[in-house]
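Structure at a glance
Each chain is listed here by its residues.
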Amino acid sequence: MVMKLGEILIRDNLISKDDLDIALKEQQKTSEPLAKVLIKLGYLKEEDLLPVLSKQLKIPVIDIKNADIDEAAVKKVPAKFAWHYKIMPVKFEKNILTVATSDPLHSLNDLQLFLGVDIIGVLAPERETIKTIKKYYGVGAETVEGIMAKQKLEDEPDNTESMDEVEDIEKMAAEASVVKLVNQIILDAHKARATDIHIEPFRGKLGLRYRIDGVLYNANVPNEMSRLFPSIISRIKIMSKLDIVERRLPQDGRAAVKIGKEEFDLRISVIPTRHGESLVIRVLPTKMLFSLEKLGLKPDELKIMENLVKKPNGIIFVTGPTGSGKTTTLYACLSKIKSSENKIITLEDPIEYEIEGVTQIQIMPEIGFAFAQGLRSVLRHDPDIMMVGEVRDYETAELAIRIALTGHLIFSTVHTNDAAGGVTRLINIGIEPFLIT
């Protein structure tokens with residue numbers, strides 16, 4: 001007599017009888033596979049389930065992360081099918097297709113009917129399978145595939161459309177499919193903990209890169225995405241209220257978007273290049289991501305940092321190259337010391353995160369309101385602690401240091417590769433050595 005999955009899991013002490021009863025009731029409501037319901041309810045871990053399924057169904061478990069993926073197998077399965085069933089083609093040989101899945105009972109029959117080939121299933125964790133699908137098919141592959149099925153686009157996109165064609169591009173940019181594709185790119189970047197998204201056109205192809213922990217990484221994209229580039233650019237321009245007709249001059253904009261439960265502030269910069277407009281999006285979650293304790297400091301370094309930020313006066317410079325986490329560190333410091341007893345004012349360009357209880361000011365150099373002018377005005381608001389987004393010139397640095405010497409605590413940043421370089425940088429912009437001392 002063949003035992004049911006639930007009975008096997010109880011026998012192996014992976015779940016209890018009560019767990020199974022609750023899962024079965026939930027399954028009646030959702031019609032999902034029992035295994036998925038157990039995992040969703042937290043009664044079972046996928047890594048514990050796969051060996052049981054393997055034994056019951058006589059299907060091997062593979063390490064999909066390090067598997068040798070056959071390109072012919074990937075070409076055999078459309079992206080929309082791979083994403084819908086969360087299956088990853090592994091090998092295609094002698095009209096037999098091997099696919100990795102975490103749910104062989106509910107996907108392999110459909111796949112066999114659709115493709116008309118014999119299917120062999122192997123087991124792999126769903127999370128790793130999804131990562132592999134993304135790696136080989138590219139970001140938003142199923143959306144691109146759907147758009148291409150509807151749209152008959154020319155083989156070589158022309159990035160210098162005339163004024164008459166702008167209306168069509170704008171219309172296409174507003175279509176649900178293109179909106180979804182742009183949302184997928186932003187959400188994928190956020191899940192990868194990226195601070196910046198780089199979308200770059202080259203001859204016949206489109207580059208997509210994410211900056212993660214200060215380093216740029218290539219994100220795989222379907223080849224067909226290059227044909228949709230004008231629509232993607234137009235959609236992002238519409239989001240950030242930029243001029244979609246202007247393609248010859250650089251433009252900067254910003255947008256606030258909500259995808260699922262996540263809210264983001266986006267800073268968008270567009271510049272014209274040889275093969276079309278190049279785009280960089282800075283992704284800023286509206287909520288602070290890190291506390292001082294979660295920045296990755298060693299225990300002894302954390303103690304030193306905590307003592308420094310609690311000083312009643314002085315100046316703390318956070319140094320490092322672009323994307324190294326200077327602003328995140330400053331925000332974490334302010335979150336640590338903010339209280340109803342302190343008046344904290346910040347001067348920023350731009351304001352990246354909102355902190356409750358802190359007065360945050362956006363500087364505007366184009367109207368003469370720069371960091372130095374802001375510092376003078378802020379002093380009249382009786383602050384205890386101030387944050388200056390960046391020391392860029394002599395006037396700001398000299399003023400900040402003098403304010404720090406008169407009983408205020410100042411936080412700021414300097415663009416250098418290391419902490420020692422901060423001293424050299426301050427001397428180079430004209431600060432007297434005795435003030436730095």
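Above: the structure in question.
Conventions we followed
- Residue positions are counted from 1 within each chain, in the order its sequence is given.
- Local features are withheld for residues below a pLDDT of 70 in this predicted model, meaning they are given only at 70 or higher, and side-chain atom pairs are given and counted only at 80 or more; totals for whole chains, interfaces and linings count all residues.
- With hydrogens and water stripped out, all remaining heavy atoms of the structure feed into the side-chain values.
- For the purposes of this entry, the term helix denotes a DSSP run of H or I that reaches at least four residues, the term strand denotes a run of E that reaches at least two, and both are numbered from the N terminus.
- Under the scheme applied here, a residue whose accessible area is under 20% of the maximum for its type counts as buried, over 50% as exposed, and between as partly exposed, the area being computed with a 1.4 Å probe on protein chains only.
- Contact definition: two residues touch when any of their heavy atoms are within 4.5 Å.
- Here the Shrake-Rupley method, with its probe set to 1.4 Å, supplies the accessible areas, and only the displayed protein chains count as covering residues.
- Each reported salt bridge corresponds to a side-chain nitrogen of Lys or Arg within 4 Å of a carboxyl oxygen of Asp or Glu.
- Paired strands, in this sense, are two strands between which DSSP finds at least two bridges.
- Note on geometry: axes are C-alpha line fits, over the in-contact stretch for helices, and angles between N-to-C directions span 0 to 180 degrees.
- Within 6.5 Å between ring centres, the rings of Phe, Tyr and Trp (the latter by its six-membered ring) count as paired, and their orientation is classed by plane angle as stacked under 30 degrees, edge-to-face over 60, tilted in between.
- Here, nonpolar core refers to any group of buried Ala, Val, Leu, Ile, Met, Phe, Trp, Tyr and Cys residues whose side-chain atoms link them within 4.5 Å.
- Throughout this description, any angle smaller than 35 degrees is read as roughly parallel, any larger than 145 degrees as roughly antiparallel, any in the 65 to 115 degree range as roughly perpendicular, and the remainder as oblique.
- Two helices crossing with the near one rotated counterclockwise from the far one by less than a right angle form a left-handed crossing, whereas a clockwise rotation gives a right-handed crossing.
- Note on residue categories: nonpolar means Ala, Val, Leu, Ile, Met, Phe, Trp, Tyr, Cys or Pro, charged means Asp, Glu, Lys or Arg, and polar means any other residue, Gly included.

Before going further, it helps to examine the overall build of the chain. Assigned secondary structure in the chain consists of 18 helices and 14 strands. Expressed as a percentage of its 437 residues, the buried residues of the chain come to 46%. Of the contacts formed within the chain by residues at least 6 apart in sequence, a portion of 56% connects residues at least 24 apart. Carbon and sulfur atoms form 51% of the exposed surface of the chain, whose accessible area is close to 24,200 Å².

Here the phi dihedral of Lys241 falls at roughly 55 degrees; this positive angle occurs in a residue that is not glycine. Its place among the elements puts Lys241 in the loop between helix 12 (229-239) and strand 7 (251-259). When its relative accessible area of 76% is taken as the criterion, Lys241 is described as exposed. One non-glycine residue with positive phi stands out, namely Asp382, at about 50 degrees. Looking at where Asp382 falls in the secondary structure, it is placed in the loop between helix 15 (371-379) and strand 13 (385-388). Owing to a relative accessible area of 62%, Asp382 belongs among the exposed residues under this scheme.

On to the pattern of salt bridges. Counted under the stated rule, the structure contains 16 salt bridges. The salt bridge partner of Lys134 is Asp188, with a shortest N-O separation of 2.6 Å. Linking Lys134 in helix 8 (residues 126-137) with Asp188 in helix 11 (residues 176-191), this pair joins segments that are 54 residues apart in sequence. Residue classification places Lys134 among the partly exposed residues on the basis of a relative accessible area of 28%. Linked by salt bridges that have partners in common, Glu293, Glu306 and Lys336 make up one network.

To continue, consider the sheet that holds strand 12 (residues 359-362). Taken together, five strands build an open sheet; the order of strands is 10-14-13-11-12 and the sheet is parallel. The open sheet has two edge strands with one neighbour each: strand 10 (314-319) and strand 12. Looking at each pair of strands side by side, their axes are set apart by 15 degrees on average, direction ignored. Sitting on the sheet, helix 14 (residues 326-337) touches strand 10, strand 11 (344-348), strand 12, strand 13 and strand 14 (409-414), and the angle it makes with strand 14 is about 165 degrees.

All right, on to the packing of aromatic side chains then. The geometry of two aromatic rings is summed up by the distance between their centres and the angle between their planes. Enumeration according to the criterion identifies one aromatic pair in this entry. Arranged with centres 4.7 Å apart and planes meeting at 40 degrees, the rings of Phe81 and Tyr85 form a pair that is tilted. Highlighted residues: Phe81 and Tyr85, both in helix 6 (residues 79-85), separated by four residues, approximately one helical turn.

This part takes up the nonpolar core. The nonpolar side chains of a soluble globular protein tend to be buried, and buried together. The biggest cluster of nonpolar side chains holds 32 residues, and the ones touching the most others in it are Ile197, Leu208, Tyr210, Leu266 and Ile268. Beyond its immediate sequence surroundings of up to four residues, Leu208 is in contact with Val139, Ile185, Ile197, His198, Ile199, Tyr217, Asn218, Ala219 and Val221. Listed in part, the 24 residues of the second largest apolar core include Ile64, Leu115, Ile133 and Tyr137.

Attention now goes to the pairing of strand 11. Taking burial as the measure, the five residues of strand 11 include five buried ones, the bulk of the element. Burial of the side chains of strand 11 extends over both faces: Ile344, Thr346 and Glu348 are buried on one face and Ile345 and Leu347 on the other. Bridge count for strand 11 against strand 13 is four bridges, and the pairing is parallel. Bridged to Ile345 within strand 13 is Met386. Strand direction decides the pairing type here: strand 11 and strand 12, joined by four bridges, are parallel. Bridged to Thr346 within strand 12 is Gln360.

With that settled, consider the environment of Met88. Inspection of the secondary structure assignment puts Met88 in strand 1 (residues 88-93). Other than its neighbours up to four places away in sequence, Met88 contacts Ile64, Ile69, Val74, Thr98, Val99, Ala100, Thr129, Thr132, Ile133, Tyr136 and Tyr137.

A separate point is the sheet that holds strand 3 (residues 118-123). Taken together, the three strands give an open sheet; going across it, the order is 1-2-3, and neighbouring strands pair in mixed fashion. What marks the edges here is a single partner per strand, and that holds for strand 1 and strand 3. Going from strand to strand, the sheet's axes swing by 25 degrees on average, the running direction of each strand aside. Here strand 1 pairs with strand 2 (residues 96-101) via five bridges, running antiparallel. From the neighbouring strand, Glu93 faces strand 2, where its bridge partner is Ile96. Running at roughly 65 degrees to strand 1, helix 8 makes contact with strand 1 and strand 2 of the sheet.

A separate point is the side chain of Glu398. When you line up the elements, Glu398 lands in helix 16 (residues 394-405). Residue Glu398 is classed as buried on the basis of its relative accessible area, which comes to 17%. The contacts of Glu398, once residues within four sequence positions are left out, are Ile431 and Leu435.

Contact pair helix 15 / helix 16: the axes reach a minimum separation of 8 Å and the direction vectors enclose 25 degrees. Compared by their axis directions, helix 15 and helix 16 come out roughly parallel. Handedness of the helix 15/helix 16 crossing: left-handed. Residue-level inspection shows Phe371, Ala372, Leu375, Arg376 and Leu379 of helix 15 in contact with helix 16, the latter providing Glu395, Thr396, Leu399, Ala400 and Ile403. The residue makeup of the contact of helix 15 with helix 16, split by class, is seven nonpolar, one polar and two charged.

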